[in-house]
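Each chain is listed here by its residues.
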Amino acid sequence: MIQRRQSLYLLVVVLLNAVVFNTIDINQFNMSHVLGDQSILIIRSLFSISALLALITIFLFKNRKLQFVLGRVNIILNFVLVGVFVYGLLNLPGEKQFSEKGIEMLLPIISIVFLVMANKAIKKDEDLVKSVDRFR
């Protein structure tokens, strides 16, 4: 059911987290002072998990309650990503690295917005189904 609004919102999240993030040069965003030597791997895996979770959520259109819960889990995961980026930016050792940062910080925030819109559409569908069930 790709034609549903929430599926389109979730598809945007998949595209943001999987395609756009992997085309950005994340190597300039070195957070080894925060996450250790594997910082790039951790950040890439969190974005990949978020994209995979959104993709799984798209295909759970028959189970709207589970779809809603997975949307909330994905929102929490993106808040973790925002927290990692903010903590990393606040603890940067110098100004020159801070000025080079680009869209990496905005990707989780944009994803959160689309996930909230998807959850609102899922909730609206669930309410519509419940109201139709009352008439039977």
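**Some points on the overall build of the chain**
Then, number 1: Tallying secondary structure elements over the chain gives six helices and zero strands in all.
Then, number 2: Going from N to C terminus, the chain has its helices and strands arranged as α-α-α-α-α-α.
Then, number 3: Counting every position in the chain, which comprises 136 residues, the buried fraction comes to 36%.
Then, number 4: Relative to all contacts within the chain whose residues are 6 or more apart in sequence, the contacts with residues 24 or more apart total 73%.
Then, number 5: Of the accessible surface of the chain, which amounts to about 8,000 Å², a share of 67% is contributed by carbon and sulfur atoms.

**Overview of the pattern of salt bridges**
Then, number 1: Evaluation of the coordinates by the stated rule reveals three salt bridges.
Then, number 2: Between glutamate 126 and arginine 64 there is a salt bridge whose closest N-O contact spans 2.9 Å. Taken together, the residues glutamate 126 in helix H6 (residues 106-135) and arginine 64 in helix H4 (residues 64-90) connect sequence positions 62 residues apart.
Then, number 3: Residue classification places glutamate 126 among the buried residues on the basis of a relative accessible area of 14%.
Then, number 4: Lysine 123 is the salt-bridge partner of aspartate 127, the closest N and O atoms lying 3.4 Å from each other. In this pair, aspartate 127 and lysine 123 are both assigned in helix H6, four residues apart and thus about one turn of the helix distant.

**Examining the packing of helix H1 (residues 5-23) against helix H3 (residues 39-58)**
Then, number 1: Direction vectors running N to C along H1 and H3 enclose 155 degrees, while the axes themselves pass 9 Å from each other. As judged from the angle between their axes, H1 and H3 are roughly antiparallel. Considering the relative orientation of H1 and H3, their crossing is left-handed. Within the contact between the two elements, H1 uses Ser7, Leu10, Leu11, Val13, Val14, Asn17, Ala18, Phe21 and Asn22 and H3 uses Ile43, Arg44, Phe47, Ser50, Ala51, Ala54, Leu55, Thr57 and Ile58.
Then, number 2: A per-class count over the contact of H1 with H3 returns 12 nonpolar, five polar and one charged.

**Structural notes on a nonpolar patch on the surface**
Then, number 1: Among the surface-exposed residues, Leu106, Ile109, Ile110, Val113 and Met117 lie close enough to one another that they form a single nonpolar patch of about 370 Å² accessible area.
Then, number 2: Topologically, isoleucine 109 is positioned in helix H6.

**Here we look at the packing of aromatic side chains**
Then, number 1: As enumerated under the stated definition, the model contains one aromatic pair in all.
Then, number 2: Summarising the aromatic geometry, the rings of tyrosine 9 and phenylalanine 114 are spaced 6.2 Å apart at their centres and angled 45 degrees between planes, so their arrangement reads as tilted. Highlighted residues: tyrosine 9 in helix H1 and phenylalanine 114 in helix H6, separated in sequence by 105 residues.
Then, number 3: Assessed through its relative accessible area of 22%, tyrosine 9 is described here as partly exposed.

**Some details on the environment of valine 69**
Then, number 1: Counting through the fold element by element, valine 69 comes out in helix H4.
Then, number 2: On the basis of relative accessibility, which here comes to 44%, the residue valine 69 falls in the partly exposed class.
Then, number 3: Valine 69 sits 50 residues away from asparagine 119 along the chain, and the two C-alpha atoms are 8.8 Å apart.

The rules we used
- Residues numbered from 1 in each chain as written.
- Predicted model: local features only at pLDDT ≥ 70, side-chain atom pairs only at ≥ 80, totals over all residues.
- Heavy atoms only, no water.
- Helix = DSSP H or I, 4+ residues; strand = E, 2+ residues; numbered from the N terminus.
- Buried < 20%, exposed > 50% of the residue type's maximum accessible area, 1.4 Å probe, protein only.
- Contact = heavy atoms within 4.5 Å.
- Areas by Shrake-Rupley, 256 points an atom, 1.4 Å probe, with all protein chains shown as cover.
- Salt bridge = Lys/Arg side-chain N within 4 Å of Asp/Glu carboxyl O.
- Axes fitted to C-alpha atoms, helices over the stretch in contact; angles between N-to-C directions.
- Parallel < 35°, antiparallel > 145°, perpendicular 65-115°, else oblique.
- Left-handed = near helix turned anticlockwise from the far one by under 90°.
- Nonpolar A, V, L, I, M, F, W, Y, C, P; charged D, E, K, R; others polar.
- Patch = residues over 30% accessible without salt bridge, like charges linked within 9 Å, V, L, I, M, F, W, Y side chains within 5 Å.
- Phe/Tyr/Trp six-rings, centres within 6.5 Å; stacked < 30°, edge-to-face > 60°.

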